[in-house]
Amino acid sequence: MIATFNPGPSKVYPEVPAYVNEAYEQGILSLNHRSEGFMNISKETVELVKDRLNIPESYKIVFTSSATECWEIIAQSVTRVMSYHFYNGAFGERWFTYAKLLRPKTKGEKFGLDKLPDFERLKLPKSTEVICLTHNETSNGTRLPQMAIEMLHRKFPKPLIAVDATSSLGGISIDFTRIDIAYASVQKCLGLPAGLGLMILSPRAVERVRQLNERTHYNSLANMLDHMEKYQTHYTPNVLDIYLLRRTMEVRYGIQPIHKRLDEQYKELCDVINDCSKLDWLVPDEYLRSRTVLAVKASSDEIPEIHKKANEAGIQLGKGYGDHKAGTFRIANFPAIPREDIDKLKEFLTKHYS
Ligand SMILES: *Cc1c(COP(=O)(O)O)cnc(C)c1O
């Protein structure tokens, strides 16, 4: 099988086919979503996700169908007037765009790849209800350091803090105590087939949803939370993906060992890439560089050649994204990627580009 480093959809855990078979054998694929059986799976999944990812007991989790859906849910069900968005890449910008369509007063601030916004000197409009951040910007390989979230939380205690953790949840240990809303879809660091999203809500966020009580959309968050009281969903959910999430969480001990392994792999890949004279980093400052999605720069003439050579070696690299399409390729450093594949990639890069 080809070693894929595509940052989404990405490599799924190798146990997935066995679990799919198991789900089929046990009748889970045809399980009614109002049944006791489904409610048990759903409850166990939520409890395991909380336990394994260190999510506080008091937080709620709802199932959505994607991260994109969460963008709209936050604008429609958590925001009355405006959210404030900080972004430096394509996913953060798209979230801002969706929010603005529903709440035209929404504001955003773009920052560069080499520098965080000056949060200390920042002033936010008084009506800011939600501060929206991208925890890991998949398009350009930047991350938002925990310190930045803490600083914002300290300086602006009133607005909720929402983070898009699509390419970090399940790979990076996240401190949820300063975060009110975090969401992700499962086809990145959670190593599962696409078609399921998770939204994690602090008690403060739940309270806000209850206050607004927005019920004019099929995916009103108030309605979703009502159904989750019984571990149900208001629509027929992706039961298979929920089951796969439960099974993959069950066999792992927690986020710390995964985080540590990804950190080590990141360092190994850094050493290799630093030694490659024809390759460079899109994000020079290591402090701002993502640990789960590495964006590597090369001349735009070279890029198609790199993909071609990689393919011949049985490796699929991630294509550059958006503004960086022509001059970069991306490497997913996700938990489901087997160790052998990382070694294969290191060998390939060293052989051709150092
Ligand atoms: C992949 C990705 C999304 C979109 O996820 P969908 O499941 O396609 O909705 C959103 N944000 C980030 C940061 C992503 O990496």
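Let's shift gears to helix H4 (residues 90-102). In a regular helix each residue adds 1.5 Å, so 13 residues correspond to 18 Å; H4 covers 19 Å between its end C-alpha atoms and thus fits that length. When we look at burial in H4, the residues that qualify are Phe91, Gly92, Trp95, Phe96 and Ala99. The buried residues of H4 all sit within an arc of 145° when viewed along its axis, so they share a single face.

So, on to the pattern of salt bridges. Per the counting criterion, the structure on display carries 19 salt bridges. Across the pair Lys50 and Glu57 runs a salt bridge whose closest N-O atoms are separated by 3.9 Å. According to the relative accessible area criterion, Lys50 is buried, its value standing at 12%. A relative accessible area of 67% means that Glu57 is categorised as exposed. Measuring nitrogen to oxygen at the nearest pair gives 2.7 Å for the salt bridge that ties Arg339 to Glu268. Separated by 71 residues along the polypeptide, Arg339 in helix H11 (residues 339-353) and Glu268 in helix H9 (residues 255-274) bring together distant segments of the chain. Relative accessible area serves as the criterion here: at 32%, Arg339 is assigned to the partly exposed category. Through salt bridges with shared partners, a single ionic network connects Glu22, Glu44, Arg246, Arg247 and Glu250.

In this section: the site of the ligand. Around the ligand, the neighbouring residues are Ser66, Ala67, Thr68, Trp71, Phe91, Asn136, Thr138, Asp164, Thr166, Ser185, Gln187 and Lys188. Here an oxygen atom of the ligand and a side-chain polar atom of Thr138 are 2.4 Å apart. Within the side chain of Lys188, a nitrogen or oxygen atom sits 2.7 Å from an oxygen atom of the ligand. Out of a free accessible area of 390 Å², the ligand has 87% covered by protein chains. Among the elements that take part in the shell around the ligand, helix H3 (residues 67-77) stands out by supplying three residues, more than any other.

Its place among the elements puts Arg52 in helix H2 (residues 36-52). Of the polar contacts made by the side chain of Arg52, one reaches the backbone oxygen of Arg252; its length is 2.5 Å. For Arg52, the contacting residues outside a window of four places in its chain are Met249, Glu250, Arg252, Tyr253, Gly254 and Ile255.

Generally speaking, a soluble globular protein has its nonpolar side chains buried in company with each other. If you look at the biggest cluster of nonpolar residues, it comprises 78 residues, and the most contacted ones within it are Phe86, Leu169, Met199 and Leu221. Sorting elements by how many residues they give to this core places helix H8 (residues 239-250) first, with six residues. Each residue touching Phe86, except ones within four places of it in the same chain, is listed here: Glu109, Phe111, Pro117, Phe119, Leu122, Leu124, Ile131, Cys132, Leu133, Thr134 and Leu152. Listed in part, the 30 residues of the second largest apolar core include Ile273, Trp281, Ala310 and Tyr353.

Within the open sheet, the seven strands sit side by side as S2-S10-S9-S8-S5-S3-S4. Their pairing is mixed. The open sheet terminates on both sides in strands that have one partner only, identified here as strand S2 (60-64) and strand S4 (107-110). Pairs of neighbouring strands in the sheet enclose a mean axial angle of 20°, with direction left out of account. Pairing between strand S9 (residues 181-185) and strand S10 (residues 197-201): five bridges, direction antiparallel. Following the sheet pairing, Ala182 is matched in S10 by Ile200. Running at roughly 110° to S2, helix H7 (residues 221-228) makes contact with S2 and S10 of the sheet.

Each value, and the rule that gives it
Residues numbered from 1 in each chain as written. Predicted model: local features only at pLDDT ≥ 70, side-chain atom pairs only at ≥ 80, totals over all residues. Heavy atoms only, no water. Helix = DSSP H or I, 4+ residues; strand = E, 2+ residues; numbered from the N terminus. Expected span 1.5 Å × (residues − 1). Buried < 20%, exposed > 50% of the residue type's maximum accessible area, 1.4 Å probe, protein only. Arc of directions from axis to C-beta. Salt bridge = Lys/Arg side-chain N within 4 Å of Asp/Glu carboxyl O. Near = heavy atom within 4 Å. Polar contact = N/O pair within 3.5 Å; in protein donor to acceptor, adjacent residues only side chain to side chain. Areas by Shrake-Rupley, 256 points an atom, 1.4 Å probe, with all protein chains shown as cover. Contact = heavy atoms within 4.5 Å. Core = buried A, V, L, I, M, F, W, Y, C linked by side-chain atoms within 4.5 Å. Pairing = 2+ DSSP bridges. Axes fitted to C-alpha atoms, helices over the stretch in contact; angles between N-to-C directions.

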